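One letter stands for each residue in the lines below.
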Amino acid sequence: MKASIRAIVILASVLLLLPLVCGLTACTRDKGEVITLYVYNWGEYISDGSEDSVDSNALFEEWYYNTYGVRVKVNYSTYSSNESMYAKLSSGSVNYDVVVPSDYMIERMIEEDMLAELNFENIPHIGNIHEDFFGEDAKYDYYDPDNKYAVPYMYGMIGIIYNTTMVEADDPSLGSWQLMWDERHNGNILQFNNSRDAFGTAQYFLGLDVNSDSEADWRLALEKLKEQKPVLQGYVMDEIFNKMENGSAAIAAYYAGDFLAMYENNEDLEFFYPKEGTNLYVDAMCIPKASRNKEVAERYIDFMLTEAPAVANAEYTYYASPNKVVRENAEYREYMNTIKDGGYDLMYGTDTVKTSSYKNLSGEKLIMLNDLWEELKSDIEVGLPIYVICGGILAVLIGGGTFLGVRKRIRDNY
């Protein structure tokens, strides 16, 4: 992953100006003091300095010292699912200053009084967030409608990836969720190995509410997923990268940003958003109530909204940014289109795509969903999951690549 030329220029300019900025601000603390800021984020979800990219955390540390005269050390750790993050925070065994949950989990954490209200005087760059994602008329702030607890970081949508050497251009199922059920591709279709997204594929296909309170609706989706099972090669998450990149599967539902990562390794792949509708999700930066450095955490969030780190983070992850300065950055647009022709529009030219978002399900509904998921998976032939797992391991052993080193975050549980 290469940092954009403009991001590097901006970075250099920022660093040159920092001493002047510090001279004009109140450096109120002793420069010998060191504050540790604990940041908890998804794996591979920030530009970290690898492959000539900008190290966003290191840049923040330098900016903070030069601006406020205080040394901050970012202690950055990662999680693989919203649920693992929630379990760790709710246990009270650890304290974090910044976390980046997904929409439905933010809603749950607000309901359970786990998040601190933000002081936006310390987040002046909030105006960089597109009005669709933050503000009085925002369409995608459903998880925090009063805009008190969360600052959008990245977002994305689910679609269908397919191999153009295995799926004909005139296939009548193209453009629809029907492709995931198409018997002509028996044994070459991959389904999500997490309950919410897997059920979502069936619910969108059937025109059902993905947040329905009706158990009957969820059972209709269950029957649709049972109907799909005979044509599946397997249920996967990170295994999808190797399987789609090496051509051992033809069709899979997954996240648009991750499709671009796969496309880099296999240009036979293509992608579409199903006409029946699909999921749009938002991940946002929040501060837990237990934070011991709330003001520094707010300044960290604000810094990530400025151009150099915001562009670098968007380039590194391939996910869509709700930040206007990212979208308007000409170098970033060019970069996305060098990954794939039309790559920028794939992520941002989605105004006509029919979408909805997962909401936090009640405890009762989560239990029901888990029971339905177990019912779906209980009668799968033993050979199916073993085949998928062994196929991923074999790909690594023969030099396939990314099964053990996937560079993208995985939304693996709900």
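As shown above, the structure is provided for reference.
Attention in this report is confined to the structure presented alongside it. These numbers come from a predicted model, not from an experiment.

Summarising the element assignment, N128 is placed in the loop between α4 (103–111) and β4 (151–163). Taking the relative accessible area as the measure of exposure, N128 reaches 17% and is therefore buried. Leaving out residues up to four positions away in the same chain, N128 has contacts with L305, T306, P322, N323, K324 and V325.

Moving on, we get to the packing of aromatic side chains. In this description, a pair of aromatic rings is defined by centroid distance and the angle of the planes. Evaluated as defined, the whole model comprises 34 aromatic pairs. Both rings, one in W63 and one in Y64, keep their centres 6.0 Å apart while their planes meet at 75 degrees; by these two values the pair is edge-to-face. Of the residues examined, Y64 reaches a relative accessible area of 2% and is grouped as buried. Relative to Y143, the ring of Y142 has its centre 5.3 Å away and its plane inclined at 85 degrees; by these criteria the two rings are edge-to-face. One exposure class covers both Y142 and Y143, and it is buried. Ring pairs connect the aromatic residues Y45, Y153, F192, F241, Y254, Y255, Y281 and Y319, which therefore count as one cluster. When the ring centre of Y86 is taken as origin, the NZ or CZ atom of R108, which lies over that ring, is 3.9 Å away. When the ring centre of Y68 is taken as reference, the NZ or CZ atom of R299 above it lies at 3.9 Å.

Here the focus is the sheet that holds strand β3 (residues 98–99). Pairing in this open sheet of three strands is parallel, and the strands run β2-β1-β3 from one edge to the other. For this open sheet the edge positions go to β2 (71–79) and β3, each flanked by a neighbour on one side alone. In this sheet, β2 lies alongside strand β1 (residues 34–42) in parallel orientation, the contact comprising nine bridges. Its bridge partner lying in β2, Y40 is registered against S77. Against the sheet, helix α2 (residues 56–68) makes contact with β1 and β2, and its axis sits at roughly 155 degrees relative to β2, the strand it touches most. Helix α9 (residues 294–303) rests against β1, β2 and β3 of the sheet, and its axis sits at about 55 degrees to β1.

Each value, and the rule that gives it
Residues numbered from 1 in each chain as written. Predicted model: local features only at pLDDT ≥ 70, side-chain atom pairs only at ≥ 80, totals over all residues. Heavy atoms only, no water. Helix = DSSP H or I, 4+ residues; strand = E, 2+ residues; numbered from the N terminus. Buried < 20%, exposed > 50% of the residue type's maximum accessible area, 1.4 Å probe, protein only. Contact = heavy atoms within 4.5 Å. Phe/Tyr/Trp six-rings, centres within 6.5 Å; stacked < 30°, edge-to-face > 60°. Lys NZ or Arg CZ within 6 Å of the ring centre and 35° of its normal. Pairing = 2+ DSSP bridges. Axes fitted to C-alpha atoms, helices over the stretch in contact; angles between N-to-C directions.

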